[in-house]
Amino acid sequence: MPSAGKDKGTGRYGQQRGMGRLRRANLKQTGRLGGWERHDEDAEIFDRHGDKDRGSHAGERLLSQFNRLVAAGGAEAASGDPAEVCEVRPGLVVVRFTDGREESAAIRRGLEKRMAGVSNTIAVGDRVRVEREAGDLAIAAIEPRRNQLARSDSHNRALEHVLAANVDLLVAVAAVREPDFKHGFVDRALLLAAAHGIAAAVAVTKRDLGDPAPMVGLYAGLGYPCIAADARDTADGGVLELRRLLQGRSCVFAGQSGVGKSSLVNACFPGLGARVGSVAEEGFGRHTTTMARSFPLPGGGTLIDTPGIRECVVGGLAPVDVALHYPDLARLQPSCRFPDCTHRHEPDCAVLAAVEAGVIAASRYWSYRSIVDEA
Ligand code: GDP
Ligand code: ZN
């Protein structure tokens, strides 16, 4: 790495010196230094969730493997009634018909094909074909998935557990205050969505408790729909906007407990919030089973509730891939000296320079760092 001295007197000097400062901050990884702020909530999120190195992302490979398998049974897909899987728990699958009726169904033998690396064949959101066998409903075929959200299985870390399929929108929820806005969590949720090819939005709750403008400015500036809302008021502009955003889509909310997810859902769709959140993560320790349930939204669309999403663990991504899913970092990557720049210590790193100049938010840089540093 070139020394700061070498560039003395050139326009680059400041940038190099800034990088030195950043490097020192990195070494310390604590507190503030020259305006750099490390968000300790990042560390906190990790400490609570051990699935650091394996997470939800062996993703694309598993999705295409799944789609190849179900396409192989393609002829079946034409027969039977179409339905959507709305609940999955051990030994039970519930499907919803197009008229809204729900019924539990067995998975036909042979459909439960052995898929290497996956713990569950069927997930909430799957479009299926069902047939009656001696009065009982059986799932005869699964249609290819547009996308899927997965995380490592809690029984066997070598396996992926598919939490939901065919998701249109992931909404990252965080409060202005009480609890404090966690940039680390929001950025992880956005990364999780991007890594699985799912559109994402940000909802900033409890706007009556503080000014949401900095968060809205940041995330809207990155291109995400970002809505601030007061869930206590059903006529709140943010609530109305969020309702419009959710309607007709298959949505997943990701937010830490207490940020106001159920209140927000209730404000948008009265009565629904009480049902959402009732889906439990059963068992304890290693033998936790993640369930999932989807609820129809008035006016179309579904809200998928799965406790498995609450942690937003993203693993298995190389630094360049993480940066690729950070729009603010990805934009500058071509300007870095090295095409595989990890934006940590490399000379002539456009990202480090932009953070130093305040063009990239420090919170964004440090959430990126906390993800790539643990890998
Ligand atoms: P969840 O755990 O994310 O589902 O959060 P809840 O919806 O249960 O809300 C947690 C607490 O925050 C409850 O006491 C709510 O009344 C409160 N709360 C939720 N939304 C708002 C809001 O917009 N403004 C205020 N002041 N309080 C809220
Ligand atoms: Zn770089």
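Preceding this paragraph is the structure being described.
Presented here is an overview of the structure given in this document. All values reported here derive from a predicted model rather than from experimental measurement.

What counts and what doesn't
Residues numbered from 1 in each chain as written. Chains lettered and ligands numbered in written order. Predicted model: local features only at pLDDT ≥ 70, side-chain atom pairs only at ≥ 80, totals over all residues. Heavy atoms only, no water. Donors = N, O, S within 2.8 Å, 3.2 Å for Na, K, Ca; no water. Tetrahedral: all angles 85-135°; square planar, octahedral: opposite > 155°, others 65-115°. Helix = DSSP H or I, 4+ residues; strand = E, 2+ residues; numbered from the N terminus. Phe/Tyr/Trp six-rings, centres within 6.5 Å; stacked < 30°, edge-to-face > 60°. Buried < 20%, exposed > 50% of the residue type's maximum accessible area, 1.4 Å probe, protein only. Lys NZ or Arg CZ within 6 Å of the ring centre and 35° of its normal. Near = heavy atom within 4 Å. Polar contact = N/O pair within 3.5 Å; in protein donor to acceptor, adjacent residues only side chain to side chain. Areas by Shrake-Rupley, 256 points an atom, 1.4 Å probe, with all protein chains shown as cover. Nonpolar A, V, L, I, M, F, W, Y, C, P; charged D, E, K, R; others polar. Arc of directions from axis to C-beta. Salt bridge = Lys/Arg side-chain N within 4 Å of Asp/Glu carboxyl O.

With that settled, consider the coordination of the zinc ion (ligand 2). Looking at the zinc ion (ligand 2), the protein donor atoms are Cys336 (SG), Cys341 (SG), His343 (ND1) and Cys349 (SG), and they sit 2.1 to 2.4 Å from it. Taken together, the four donor atoms coordinating the zinc ion (ligand 2) and their angles of 104 to 117° define a geometry best described as tetrahedral.

Relative to the assigned elements, Ala71 resides in helix H3 (residues 59-72). In the structure, Ala71 is positioned 72 residues away from Glu143 in sequence and 7.5 Å away in space, judged by C-alpha atoms.

Here the focus is the packing of aromatic side chains. For the coordinates displayed, the defined rule picks out four aromatic pairs. Ring centres of Tyr326 and Tyr368 lie 5.8 Å apart, and the angle between their planes is 75°; on these two criteria the pair is classed as edge-to-face. Pair noted here: Tyr326 is in the loop between helix H10 (319-324) and helix H11 (327-330) and Tyr368 is in helix H13 (residues 362-374), with a separation of 42 residues, a long-range link. With relative accessibility at 0%, the residue Tyr368 sits in the buried group. The structure contains a cluster of three or more aromatic residues connected by ring pairs, namely Tyr326, Tyr365, Trp366 and Tyr368. Across from the ring centre of Phe66, 3.6 Å away, lies the NZ or CZ of Arg145, which sits over that ring. One residue, Arg293, lies across the ring of Phe295, its end atom 5.4 Å from the ring centre.

We now examine the site of ligand 1. Around ligand 1, 14 residues are found, and the nearest of them are Asp208, Ala231, Gly258, Ser262 and Ser263. A distance of 2.9 Å separates an oxygen atom of ligand 1 from a polar side-chain atom of Lys206. Contact between ligand 1 and Asp230: an oxygen atom at 3.3 Å from a side-chain N or O atom of the residue. Protein coverage of the free-state accessible area of ligand 1, which is 590 Å², stands at 67%. Here the shell around ligand 1 is built from residues that sort into three nonpolar, six polar and five charged.

What follows is about helix H6 (residues 213-221). Looking only at H6, the buried set comprises Met215, Leu218 and Tyr219. The buried residues of H6 occupy one face: seen down the axis, they fall within an arc of 85°. Phi turns positive one or two residues past the end of H6, at Gly223, with a value near 100°.

Throughout the structure, instances matching the rule amount to 22 salt bridges. Where Asp208 meets Arg232, a salt bridge forms, and the shortest distance between an N and an O atom there is 3.1 Å. In this pair, Asp208 sits in the loop between strand S11 (199-205) and H6 while Arg232 sits in the loop between strand S12 (226-228) and helix H7 (237-246), placing the two residues 24 residues apart along the sequence. When its relative accessible area of 67% is taken as the criterion, Arg232 is described as exposed. For the salt bridge of Asp230 with Arg232, the shortest nitrogen-to-oxygen distance reads 3.1 Å. Each member of the salt-bridge network shares a partner with another, and the members are Glu87, Arg89, Arg96, Glu102 and Arg293.

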